[in-house]
Amino acid sequence: MSEIQSSLRIAIDLTPLRVGGANGGAKVLILTLIKQFQKLAPHHHFVLLTAPWNHSEIKEYETHNTECLLIPNLTETPKQPKARLLSKLIQKIRNKISIKLIDSLNQSTLLTKHNINLLFCPFSAPTYAEKGIPVVAIAYDLQHLDYKFFFTPQEQQHRTKFIAELLRKSQKIICISDFTRQSFIKYFQTPSEKFAVIPISIHERLTKLNENIVKENLINLGLAERKYIFYPANYWPHKNHRMLLTAYGIYKKHLPDGLDLVFTGALEDEQNQLKEILKVMGLSKNVKFLGYLNEEALTSVWQGCECLVFPSLYEGFGIPVLEAMAFGKPVLSSNAASLPEVGGDAVIYFDPRKPDEIASCLLSISSNSLLIEELVNQGYQRLKLFDGQKMADEYLNIFETVALNHPTSIQTSISGIYDDGWSAPEFSISIEPGSPGRTLEILLETPAFFPAAKARITLQTKGKKSCYTCIRAASQKIVWPVSSTGEEITVQILPSFQPSQLNLNSDQRQLGVMVRDCRLKLADGESISILALESVV
């Protein structure tokens with residue numbers, strides 16, 4: 001193992017993570033991975049980027065090789081009306097969670113300051129990506145392209161732009177299924193080597209409980225005397241709860257004394273709508289809503305159920321399919337998207353758009369003990385393909401390979417400048433090695449509405465620091481001698497300001513000064529515009 005592999009500092013962006021169940025299976029995957037990383041890679045150091053709403057929960061994961069880093073300037077806005085986004089994760093990030101970054105460019109050197117070798121984005125969004133630091137991200141699905149009718153044209157455009165940003169900034173994208181990988185290749189014509197497929201293997205975290213504990217938990221949940229079908233899923237449209245209720249109504253007409261139905265999920269508004277439907281159907285007493293459950297309660301519900309029904313229209317993976325197999329429960333599943341890839345031949349499949357077909361499967365499982373035994377045994381065999389430690393090892397191998405192969409030499413670039421020329425309160429300039437006698441020339445300007453009489457501008461490298469001033473409604477040219485070995489220069493502006501707070505307009509960015517020009521001048525008089533190389537938003 002190389003030196004860089006044996007001592008990586010890996011940042012993991014957990015800022016979108018929510019307390020409770022709003023992140024669905026993604027949260028479970030990520031927290032399980034962190035525990036595995038800590039155990040399997042004690043030689044690496046993990047920096048967990050947290051937000052004010054989750055810092056105290058994530059801080060419990062700190063160990064000798066794991067620390068939390070709270071990100072400032074993150075605010076939480078009220079709930080918005082929910083529509084399905086690019087994936088279950090992006091929905092929670094953009095709509096349900098509605099994280100608002102006041103100015104992500106304020107964090108443009110965050111990773112560099114903490115000597116990070118690689119950024120891991122388990123919620124897909126490469127929010128804190130920096131020049132020179134490789135990015136590995138998880139991609140879950142492309143539902144907005146496969147099920148366009150769940151989205152407005154504006155939503156589709158936004159999510160496609162988001163994916164383009166993910167593809168641009170990530171060195172490697174880990175897909176949770178080959179179905180997801182093929183979707184990326186199909187819609188974005190991306191080279192296949194950009195992707196890796198690592199199936200989700202987190203079912204092992206749920207271990208069987210003592211029967212007395214299970215019985216007590218089921219009594220507390222109101223399930224002690226009930227035989228029931230289980231469907232653990234949040235109430236998003238693609239989870240297809242309404243079609244399942246239609247199918248369940250057909251099932252109950254054929255088998256009035258048949259199994260009850262149990263749901264778990266964290267979205268109250270949608271849950272209440274389903275309860276109203278059940279009142280009309282006359283089935284309220286047969287369907288139980290348990291809300292978000294902790295692991296012990298969830299394990300008890302799994303141990304107590306008769307089978308899993310999984311009628312989802314779209315899944316990037318389908319974690320409950322493996323969980324049911326691990327608890328020795330037969331699985332009835334939709335044949336859509338990635339689900340056959342996960343369940344293989346250990347599942348009874350149905351068309352999730354046909355309630356009669358779903359009802360027929362429910363009836364078959366209610367009266368055929370030989371079929372149940374066969375499915376359970378096939379499920380145990382299927383599980384041998386999914387191993388949690390192997391999953392975590394594959395992630396770590398990708399981290400190490402990407403970090404090792406990422407170019408470490410400085411390349412001339414600038415980051416922290418908006419398309420309209422405004423800078424963030426701090427921005428950075430990288431100058432690659434070159435001939436002696438070069439200078440960096442920066443032309444800065446403060447507008448007449450700048451909140452102070454002058455701006456203080458500090459340029460700093462590892463071995464050099466200089467301060468300048470730029471008077472309000474004036475410009476300042478800075479000439480900085482550049483080393484032949486290359487330089488990483490940080491530029492800080494004080495004070496910064498937010499136009500909306502000055503009642504200038506609705507612009508909520510935190511701004512520094514206008515960067516009118518930034519160029520590298522060679523000893524022979526030739527110059528190269530660094531701003532023309534890349535404008536970073």
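As the structure is a computational prediction, the values presented were derived from the model and not from experiment. (Residues numbered from 1 in each chain as written. Predicted model: local features only at pLDDT ≥ 70, side-chain atom pairs only at ≥ 80, totals over all residues. Heavy atoms only, no water.)

**Q** Which residues make up the overall build of the chain, and what are the values?
**A** Per the secondary structure count, the chain includes 17 helices and 24 strands. Principal-axis analysis of the C-alpha atoms places the extent of the chain at approximately 90 × 55 × 45 Å. Looking at the chain residue by residue over its 537 residues, the buried ones come to 55%. For the chain, the proportion of contacts with a sequence separation of at least 24, taken over those separated by at least 6, is 68%. Accessible surface, the chain: about 23000 Å² in total, of which carbon and sulfur atoms supply 50%. Across the chain, the mean location of the 56 positive side-chain charges is 4 Å away from that of the 54 negative side-chain charges. (Helix = DSSP H or I, 4+ residues; strand = E, 2+ residues; numbered from the N terminus. Buried < 20%, exposed > 50% of the residue type's maximum accessible area, 1.4 Å probe, protein only. Contact = heavy atoms within 4.5 Å. Areas by Shrake-Rupley, 256 points an atom, 1.4 Å probe, with all protein chains shown as cover. Lys, Arg positive; Asp, Glu negative; His and termini not counted. Charge placed at Lys NZ, Arg CZ, Asp CG, Glu CD.)

**Q** Hey, could you go over helix H11 (residues 268-281) for me, with residue numbers and the actual values?
**A** Relative to the 20 Å expected for 14 residues at 1.5 Å per residue, H11 spans 20 Å between its end C-alpha atoms, a close match to the ideal helical length. Three or more residues of H11 are buried, namely Glu270, Gln271, Leu274 and Leu278. Taken around the axis of H11, the buried residues stretch over an arc of 100°, which confines them to a single face. Among the exposed residues of H11, those oriented more than 90 degrees off its buried face are Glu268, Lys279 and Val280. Here the buried face of H11 lies against helix H10 (241-254) and strand S12 (287-289). (Expected span 1.5 Å × (residues − 1). Arc of directions from axis to C-beta.)

**Q** Now, about the pairing of strand S18 (residues 439-445): what can you tell me, with residues and values included?
**A** Side-chain positions along a regular strand alternate between the two faces of the sheet. Of the pairings in the sheet, the one linking S18 to strand S21 (residues 475-481) comprises seven bridges and is antiparallel in character. Each bridged residue has a counterpart across the sheet, and for Thr439 the counterpart in S21 is Pro481. When S18 meets strand S23 (residues 514-521), the two strands line up antiparallel, connected through seven bridges. Residue Glu441 lies in a different strand from S23, and its bridge partner there is Arg519. (Pairing = 2+ DSSP bridges.)

**Q** A description of the sheet that holds strand S6 (residues 118-121) should follow, citing residues and the corresponding values.
**A** The parallel open sheet is built from seven strands, whose spatial order is S3-S2-S1-S6-S7-S8-S9. Single-partner strands in this sheet number two, and they are strand S3 (66-70) and strand S9 (195-197). On average, each strand axis in the sheet is inclined to that of its neighbour by 25°, with strand direction left out of account. As judged from the three bridges shared by strand S1 (residues 9-13) and S6, these two strands associate in the parallel manner. Looking across to S6, one finds that Ala11 is bridged to Leu119. Helix H8 (residues 178-188) contacts strand S7 (135-139), strand S8 (172-175) and S9 of the sheet and is inclined by roughly 160° relative to S9. (Axes fitted to C-alpha atoms, helices over the stretch in contact; angles between N-to-C directions.)

**Q** Help me get a handle on the environment of Gly20, residues and values and all.
**A** The residue Gly20 is located in the loop between S1 and helix H2 (25-40) in this model. C-alpha separation for the pair Gly20 and Leu293, spaced 273 residues apart in sequence, amounts to 8.6 Å. Apart from residues no more than four positions distant in its own chain, Gly20 is found in contact with Lys27 and Tyr292.

**Q** Lay out the domain arrangement of the chain with the relevant residues and their values.
**A** Interfaces are often sized by the accessible area lost when the parts come together. Considered domain by domain, the chain is made up of domain 1 (9-74 + 106-201 + 391-405), domain 2 (204-385) and domain 3 (413-531). Computed over C-alpha atoms, the centres of domain 1 and domain 3 are 31 Å apart. Counting residues at the interface gives five residues for domain 1, matched by seven residues for domain 3. Buried area between domain 1 and domain 3, summed over both chains or domains, comes out near 520 Å², and the portion from carbon and sulfur atoms is 46%. In this assembly, domain 1 and domain 3 are joined by one salt bridge. Salt-bridge contacts for Glu426 lead to Lys113; the nearest nitrogen and oxygen are separated by 3.4 Å. Grouping the constituent residues of the side of domain 1 that touches domain 3 by class yields no nonpolar, three polar and two charged. (Domains from an automatic or database assignment. Buried area = accessible area lost by both parts, 1.4 Å probe. Salt bridge = Lys/Arg side-chain N within 4 Å of Asp/Glu carboxyl O. Nonpolar A, V, L, I, M, F, W, Y, C, P; charged D, E, K, R; others polar.)

**Q** Pulling in residues and values, what's your account of the nonpolar core?
**A** Phe37, Phe120 and Tyr395 are the most contacted members of the largest nonpolar core, which has 100 residues in total. In terms of residues, this core owes the most to one element, helix H17 (residues 388-405), which gives eight residues. Counting contributing residues per domain, this core is built from domain 1 (9-74 + 106-201 + 391-405) and domain 2 (204-385), each supplying no fewer than three. For Tyr395, the contacting residues outside a window of four places in its chain are Leu29, Leu33, Phe37, Phe120, Ile138, Ile174 and Ile198. Ranked by size, the runner-up nonpolar core spans 33 residues in total, among them Leu111, Leu119, Leu166 and Phe195. (Core = buried A, V, L, I, M, F, W, Y, C linked by side-chain atoms within 4.5 Å.)

**Q** Residue-level account of the packing of H10 against helix H15 (residues 355-367), with values.
**A** At their nearest, the axes of H10 and H15 sit 8 Å apart, and the two run at 50° to each other. Viewed along their axes, H10 and H15 adopt a mutual orientation that is oblique. Considering only the axes of H10 and H15, their crossing is right-handed. Between H10 and H15, the residues in contact are Met243, Leu244, Thr246, Ala247, Ile250, Tyr251 and His254 and Pro355, Asp356, Ile358, Ala359, Leu362, Leu363 and Ser366, respectively. Of the residues that constitute the contact of H10 with H15, the class distribution is ten nonpolar, three polar and one charged. (Parallel < 35°, antiparallel > 145°, perpendicular 65-115°, else oblique. Left-handed = near helix turned anticlockwise from the far one by under 90°.)

**Q** A description of unusual backbone geometry should follow, citing residues and the corresponding values.
**A** Negative phi values dominate among residues other than glycine, just as trans dominates among peptide bonds. Residue Pro495 is reached from Leu494 by a cis peptide bond, and omega for that bond is -5°. Relative to the assigned elements, Pro495 resides in the loop between strand S22 (487-494) and S23.

**Q** Give me the lowdown on the pattern of salt bridges, citing residues and values where you can.
**A** Summed over all chains, the structure comprises 19 salt bridges. Taking the shortest distance from any N to any O, the salt bridge between Glu165 and Arg168 comes out at 3.3 Å. Of this pair, Glu165 and Arg168 are both found in helix H7 (residues 153-169), three residues apart, which corresponds to roughly one turn of the helix. Through salt bridges that share partners, Glu165, Arg168 and Lys169 make up one connected network.

**Q** Before we move on, can you summarise the pairing of S1 with the specific residues and values?
**A** Taken across its five residues, S1 has four buried, putting it largely inside the fold. Pairing analysis gives five bridges linking S1 to strand S2 (residues 45-50), with the strands arranged parallel. By the bridge assignment for S2, Asp13 is matched with Leu49. This β-α-β element, S1 to H2 to S2, shows right-handed connectivity. (Right-handed = clockwise from strand over helix to strand, strands pointing away.)

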